[in-house]
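What follows is the residue order along each chain.
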Amino acid sequence: QITLKESGPTLVKPTQTLTLTCTFSGFSLSTSGVGVAWIRQPPGKALEWLALIYSNDDKRHSPSLKSRLTITKDTSKNLVVLTMTNMDPVDTATYYCVHKFGSGWAFGNWGQGTLVTVSS
Amino acid sequence: QSVLTQPPSVSAAPGQKVTISCSGSSSNIGNNYVSWYQQLPGTAPKLLIYENNKRPSGLPDRFSGSKSGTSATLGITGLQTGDEADYYCGTWDSSLPGGVFGGGTKLTVL
């Protein structure tokens, strides 16, 4: 059974850096082809893909946010970390950690999500 | 403004069939697999369809997916009140490059 859980601050101030940790079980990031992504959803709005990291450490980032995002993994601890710099109120959203499913572009298992509010 | 275009809302009566469209371009839907997600109120999205038309194990066959050219469609038959949710399509866009989602479609079962 695959599970993922996000953790991190619920409130950050503008210009601060957000660090979110995804702790997962039921799969290993040492297995070839496995990927973990971050997706966010502002309140009442659509999903937005942020970043993806594969087991071979190949990384993909949203072009519009690439300069602000860093995604890393710790295979031995079964965790993935996302950092986003220079936070702004428009970054207020629920941030989801997700397991990439299969060889195409699909996400089969999602964390419960964590709401991050950016406010002074 | 989402890269993929979905109707904001659709509705149908219980027991009926509904389709939700997702329109894109050759750089996304036209040359990449499409996935579909259901998001019930207050919950995380759930994968319904992957690789255009495949269902994850255990998902009822009331849900179906198809793709033609630069558009994809999600179909739901035998509508139930429990199907009321937001539905999203997603794919990879080779020109950006990056993952993209539609703006979401709210399904109301009247």
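### Points about the side chain of His61(A)
Inference 1: Looking at the element boundaries, His61(A) is found in strand β6 (residues 59–61).
Inference 2: Dropping the residues within four chain positions of it, His61(A) is found in contact with Trp49(A), Leu50(A), Ala51(A), Lys66(A), Leu69(A), Thr70(A), Ile71(A) and Pro97(B).

### A closer look at the pattern of salt bridges
Inference 1: Under the criterion given, the structure shown has 6 salt bridges over all chains.
Inference 2: Between Glu51(B) and Lys54(B) there is a salt bridge whose closest N-O contact spans 2.6 Å.
Inference 3: Counted as one network, the salt bridges with shared partners bring together Arg40(A), Glu48(A), Arg68(A) and Asp91(A).

### Comments concerning the sheet that holds strand β2 (residues 18–23) of chain B
Note on sheets: strands pair through backbone hydrogen bonds, and any given pair is parallel or antiparallel.
Residue and element names in this part refer to chain B.
Inference 1: Spatial strand order, β2-β6-β5: 3 strands in an open sheet with antiparallel pairing. Looking at which strands have only one partner, the edges of the open sheet turn out to be β2 and β5 (63–68). Here the average twist between neighbouring strands, direction ignored, is 20 degrees.
Inference 2: Across 6 bridges, the pairing between β2 and strand β6 (residues 71–76) is antiparallel. Following the sheet pairing, Ser-21 is matched in β6 by Thr-73.

### Focus: the state of the cysteines
Inference 1: A full pass over the atoms with the stated rule returns 2 disulfides over all chains.
Inference 2: The residue that forms a disulfide with Cys22(A) is Cys97(A), at a sulfur-sulfur distance of 1.9 Å. Residues Cys22(A) and Cys97(A) share a disulfide whose torsion about the S-S bond is about -70 degrees; that sign makes it left-handed. Here the residue Cys22(A) occupies a position in strand β3 (residues 18–25), and Cys97(A) occupies one in strand β9 (residues 93–100), the gap between them amounting to 75 residues. Note on accessibility: Cys22(A) and Cys97(A) belong to one class, buried.
Inference 3: Between the sulfur atoms of Cys22(B) and its disulfide mate Cys89(B) the distance is 2.0 Å. One quick way to see it: the torsion about the S-S bond of Cys22(B) and Cys89(B) is about 75 degrees, and its sign makes the bridge right-handed. Taken together, the positions of Cys22(B) in strand β2 and Cys89(B) in strand β7 (residues 85–93) put the pair 67 residues apart, joining distant regions of the chain.

Cut-offs used in this document
Starting afresh in each chain, residues are numbered from 1 along the sequence in its written order. Chain letters start at A and ligand numbers start at 1, both assigned in the order the entries are written. Residues qualify for local features only when their pLDDT is at least 70, as the model is predicted, and side-chain atom pairs are given and counted only at 80 or more; totals for whole chains, interfaces and linings, by contrast, use all residues. Hydrogen atoms and water are omitted, and side-chain values are computed over all heavy atoms in the structure. The secondary structure listing takes helices from DSSP runs of H or I that are at least 4 residues long and strands from runs of E that are at least 2 residues long, numbered from the N terminus. Between two residues, a contact is recorded if the distance between any of their heavy atoms is within 4.5 Å. Salt bridges are counted wherever a side-chain nitrogen of Lys or Arg sits within 4 Å of a carboxyl oxygen of Asp or Glu. Strand pairing is defined by DSSP finding a minimum of two bridges between the two strands. Comment: axis = line fitted to C-alpha atoms, over the contacting stretch for helices; angle = value between 0 and 180 degrees taken between N-to-C directions. The disulfide criterion used throughout: a pair of cysteine sulfur atoms within 2.5 Å. Residue exposure (1.4 Å probe, protein chains only): buried if accessible area is under 20% of the type maximum, exposed if over 50%, otherwise partly exposed.

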